[in-house]
Each structure stands twice: as structure tokens, then as C-alpha cells.
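Coordinate analysis (summary)
Letter by letter, the chains look like this.
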Amino acid sequence: MKKKLIHFKRDNNIKKKIVVTLIWIFSLLTIALLFAIAYQELIYGQITNRSDVLGTLLGVTIGIFLIWGLLLSSKTARWTILLIAYITFLSPFVKYIMFKLFVPEMDNSFLTSSIVLNIIMSISIIILLLNGTALKLFSLKKDKKLRIKEQVYFLGLAIFLIAIYIYYIYIPILYKSSLLSTI
């Protein structure tokens with residue numbers, strides 16, 4: 001079966017045309033942003049070893065495959081992009097709560113301009129990929145119970161992944177760097 005890129009026909013309703021156009025705009029902007037970040041990191045960044053170059057190129061490659069999958073109506077790519085959007089949306093909140101629980105002496109400000117922008121972008125992506133028209137494009141059922149169940153699943157998985165990352169990786173790195181700065 002040959003997959004086609006997401007498109008609309010002349011006789012489609014205006015909702016489908018808007019959703020398809022927004023998905024294409026999101027995809028093109030994301031690819032441009034990936035290339036801009038990779039260019040910045042590789043040309044102007046202070047890359048010290050080969051693994052940094054490989055990590056940057058791997059991230060760009062994965063991003064391009066996700067966008068390509070989204071444009072080919074892949075359910076897996078849609079789910080991965082939604083999970084990334086939920087993680088981006090929830091990470092400031094979970095990070096703030098976990099810092100208050102485990103590192104109360106650290107001064108952490110919650111609202112910054114980048115956090116607000118990330119939250120707005122994440123909500124936009126979530127709304128774009130969870131509306132009824134987008135579900136039809138990805139051949140998913142429009143049942144309300146399934147949509148709510150999917151959202152709860154993504155919320156739970158995102159909170160779990162963020163909490164594991166912060167507790168086992170981020171906080172120990174903070175303690176190591178604070179111990180090294182005191183020496």
C-alpha cells in the first residue's frame with residue numbers, strides 16, 4: 001500500500017482544509033527550526049567532541065522522521081509528537097513541584113518567557129492533533145471516551161518520564177555541580 005502525504009481536495013470542508021494547512025505549516029516550521037538549531041550547534045556552538053556532533057545530527061534525523069511520519073498520517077509519529085508536546089507542557093510544573101519536594105533550599109523561579117512560550121506551543125500542538133478532523137486524517141476513532149483515555153495515558157506517561165528524569169538525572173547533576181563549585 002502506497003502512502004500519500006496529508007492533503008485535502010477542492011470539495012472538502014473548510015475545517016479539514018484548515019487542519020491540513022496547519023499541520024503542513026507546523027511541519028515546515030519544525031523542519032526549519034531543526035536545521036537552524038543544528039546549524040547553530042555545529043557551526044557556532046562550542047562542540048568539544050564527536051559525540052556532541054553525532055547527538056545533534058541524530059536529534060535532527062529523528063525530528064525529520066517524525067515530521068515525515070506525521071505528514072504520511074502515521075499514528076506512531078502522531079503519538080510520539082503528542083507525547084513530546086505533553087512532556088514539554090508538563091515539565092515546568094513537574095520540575096517545580098519536585099524541586100519544592102526534594103531540593104527546597106534551591107531558588108527556582110517558575111515563570112519565564114521561554115516557559116510560557118513552550119506552554120503555548122505545546123497546547124497548540126495538542127489541540128491541533130487531538131481535534132476531530134485530525135483524528136479522521138489519521139484514521140482514528142472519534143469516540144469521546146477513547147480520546148479522554150488517550151489524553152490521560154499521555155498525561156500519566158509524560159509525568160512519569162519527567163519525574164524519573166528529574167529525580168535520577170537532573171537533581172544528581174545539580175548536586176555534583178554545586179559540590180564542584182564549592183571545592
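Structure shown above.
1. Some details on unusual backbone geometry
Positive phi values are uncommon outside glycine, yet S73 reaches one of about 65°. Inspection of the secondary structure assignment puts S73 in the loop between α2 (50–71) and α3 (75–102). For S139, which is not glycine, the phi torsion reads 55° and is therefore positive. Among the secondary structure elements, S139 is positioned in the loop between α5 (132–137) and α6 (144–182). What makes S139 exposed here is its relative accessible area of 56%.

2. A look at α2
With 22 residues, α2 extends 32 Å between its outermost C-alpha atoms, agreeing within 8% with the 32 Å of an ideal straight helix rising 1.5 Å per residue. Turning to α2, its buried residues are T56, V60, G63, L66, I67, G69, L70 and L71. Where α2 ends, the next residue or the one after it, S73, has phi of about 65°, a positive value.

3. Concerning the packing of α2 against α3
Packing of α2 against α3 leaves a shortest axis separation of 8 Å and a crossing angle of 125°. If you check the angle between α2 and α3, you find them oblique. Between α2 and α3 lies a crossing whose hand is left-handed. Packed against α2, whose contacting residues are L66, I67, G69 and L70, the element α3 presents A77, R78, T80, I81 and I84 at the interface.

4. Quick notes on the environment of V94
As for its position among the elements, V94 is in helix α3. Sequence separation between V94 and I159 is 65 residues; the distance between their C-alpha atoms is 7.0 Å. Once residues lying within four places of it in the same chain are set aside, the contact partners of V94 are I159, I162, A163 and I166.

5. A look at a nonpolar patch on the surface
A surface patch of nonpolar side chains, about 1,200 Å² in accessible area, is lined by Y96, I97, L101, F102, F160, L161, I164, Y165, Y167, Y168, I169 and I173. Of all elements in the fold, only α3 and α6 reach the threshold of two or more residues within the nonpolar patch. With eight residues, the top contributor of residues to the nonpolar patch is α6. Among the secondary structure elements, I164 is positioned in helix α6. Look at I164 and you get partly exposed, because its relative accessible area is 35%.

Rules of the game
- Residues numbered from 1 in each chain as written.
- Predicted model: local features only at pLDDT ≥ 70, side-chain atom pairs only at ≥ 80, totals over all residues.
- Heavy atoms only, no water.
- Helix = DSSP H or I, 4+ residues; strand = E, 2+ residues; numbered from the N terminus.
- Buried < 20%, exposed > 50% of the residue type's maximum accessible area, 1.4 Å probe, protein only.
- Expected span 1.5 Å × (residues − 1).
- Axes fitted to C-alpha atoms, helices over the stretch in contact; angles between N-to-C directions.
- Parallel < 35°, antiparallel > 145°, perpendicular 65-115°, else oblique.
- Left-handed = near helix turned anticlockwise from the far one by under 90°.
- Contact = heavy atoms within 4.5 Å.
- Patch = residues over 30% accessible without salt bridge, like charges linked within 9 Å, V, L, I, M, F, W, Y side chains within 5 Å.
- Areas by Shrake-Rupley, 256 points an atom, 1.4 Å probe, with all protein chains shown as cover.
- Salt bridge = Lys/Arg side-chain N within 4 Å of Asp/Glu carboxyl O.

Distances and angles like these do not, on their own, reveal function.
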